[in-house]
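The residues making up each chain are set out below.
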Amino acid sequence: MIAIDLNADLGEGTGHDDDLLAIVSSASIACGGHAGDAATIRHILKVCRARQVRAGAHPGYADPKRFGRFRLVMPLAQLLGQIREQLFLVRFIADEVGHPIEYVKLHGALANQTAEELAFAVGIFATIQAMDPKMAVLVLDNSQQVRAAKAVGMPLIREAYADRAYTADGLLVPRSQAGAVIDDVDAVIARCLRLAKSGELVAIDGSVLQSAARSICLHGDTPGAVDLAREVRNALEGEGIAIVANAPEAPDN
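These lines cover the structure that appears in this document, whether it is placed above or below. (Residues numbered from 1 in each chain as written. Predicted model: local features only at pLDDT ≥ 70, side-chain atom pairs only at ≥ 80, totals over all residues. Heavy atoms only, no water.)

## Let's talk about the overall build of the chain
Just so we agree on the cut-off: Numbering of helices and strands runs from the N terminus; a helix is a DSSP stretch of H or I covering at least four residues, while a strand is a stretch of E covering at least two. Between the two quantities, the radius of gyration covers C-alpha atoms and the globule rule is 2.2 Å times the number of residues to the power 0.38. Exposure classes here rest on a 1.4 Å probe applied to the protein chains alone. A residue is buried below 20% of its type maximum, exposed above 50%, and partly exposed in between. Contact definition: two residues touch when any of their heavy atoms are within 4.5 Å. Residue exposure ignores everything except the shown protein chains as possible cover, and the areas themselves are Shrake-Rupley values with a 1.4 Å probe. Working convention for charge: Lys and Arg count positive, Asp and Glu count negative, and His plus the chain ends are omitted. For the purpose of locating charges, the reference atoms are NZ of Lys, CZ of Arg, CG of Asp and CD of Glu.
If you tally the helices and strands in the chain, you get 8 helices and 10 strands. Taken over C-alpha atoms, the radius of gyration comes to 17 Å for the chain, in line with the 18 Å a tight globule of 253 residues would show. With respect to the three principal axes, the spread of C-alpha positions in the chain is 45 × 40 × 40 Å. Looking at the chain residue by residue over its 253 residues, the buried ones come to 54%. The contacts in the chain between residues at least 6 apart in sequence include a share of 69% that link residues at least 24 apart. Here the chain displays about 10,700 Å² of accessible surface, and carbon together with sulfur accounts for 53% of that area. Mean positive and mean negative side-chain charge positions of the chain (24 and 31 charges, respectively) differ by 4 Å.

Have a look at this one:
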């Protein structure tokens, strides 16, 4: 049987985290950088524990005014300090709640930068690994994030996006460009089914990309996010595809 993980970015102030947690199998929790606070993190982790949803940390640039979607210029040590602070917070609360943080997924501009720049991604992932040698990373498939995770020796979960357009080289189309966000429900569903069944994504120029992603991101901050997530899950299950938090790939030895 084909199995696909559905993940959503939560704790970002949308007001419908609980609804999404009834649909997804993995939750990437904002941990005080671009969004999120201790109370929100604690609530989401309690719901994850009750519903057996896999929990992950979702750190980004500490820039809530711009939602972490702009690249900031700062010393690398300062950025790594921001990431450590966010991970310390979410892991401390996870220990309190009794539901573990099983992976890290970078947010926004930080995610895009690591998808493009291998050396930068290696530095970020090495910092995460130093905090927890067994921590997995949720990464954009076919990007430098995959190569960095393998170089560092981290377990990885390959991800694709349900509602974001791709460039011909497998990266996300910048949000500033027309067509970057896909808001047609039928198109999103068709993309998810094609990825699950054939391992293919269609780029914005019409070219076909091969993808080994087994986790699909459903953004929690897009209009109609809950209805879209529910329709995607129903469509996948209607085709006999199981919704499961697939185990990470083991690091290369």
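Text resumes after the structure shown.
## What about the environment of Asp 18?
Turning to its location among the elements, Asp 18 is positioned in helix α1 (residues 17–21). Considered as a pair, Asp 18 and Gly 220 are 202 residues apart in the sequence and their alpha carbons are 11 Å apart. With sequence-adjacent residues up to four places away left out, Asp 18 is seen in contact with His 43, Val 47 and Arg 51.

## Description of helix α3 (residues 76–97)
Here is the rule: An expected span of 1.5 Å times one less than the residue number is assigned to each helix. It is the directions from the helix axis to the C-beta atoms whose arc is reported.
Compared with the 32 Å implied by 1.5 Å per residue over 22 residues, the 32 Å span of α3 between its first and last C-alpha is a close match. Along α3, the positions that sit buried rather than exposed are Leu 79, Leu 80, Gln 82, Ile 83, Gln 86, Leu 87, Val 90, Ile 93, Ala 94 and Val 97. Here the buried residues of α3 occupy an arc of 165° about the axis, which is enough to place them on one side. More than 90 degrees from the buried face of α3, the exposed residues found are Ala 77, Glu 85, Phe 88, Phe 92 and Asp 95.

## With respect to the nonpolar core
The following threshold applies: What we call a nonpolar core is a set of buried Ala, Val, Leu, Ile, Met, Phe, Trp, Tyr and Cys residues that are connected through their side-chain atoms within 4.5 Å.
Ranked by internal contacts, the top residues of the largest apolar core, which has 78 residues, are Ile 124, Phe 125, Ile 128 and Leu 236. Here this core gets 8 residues from one element, more than from any other, and that element is α3. If we ignore the near neighbours within four places in the chain, the residues touching Leu 236 are Ile 4, Leu 6, Cys 192, Leu 193, Ala 196, Ile 241 and Ile 243.

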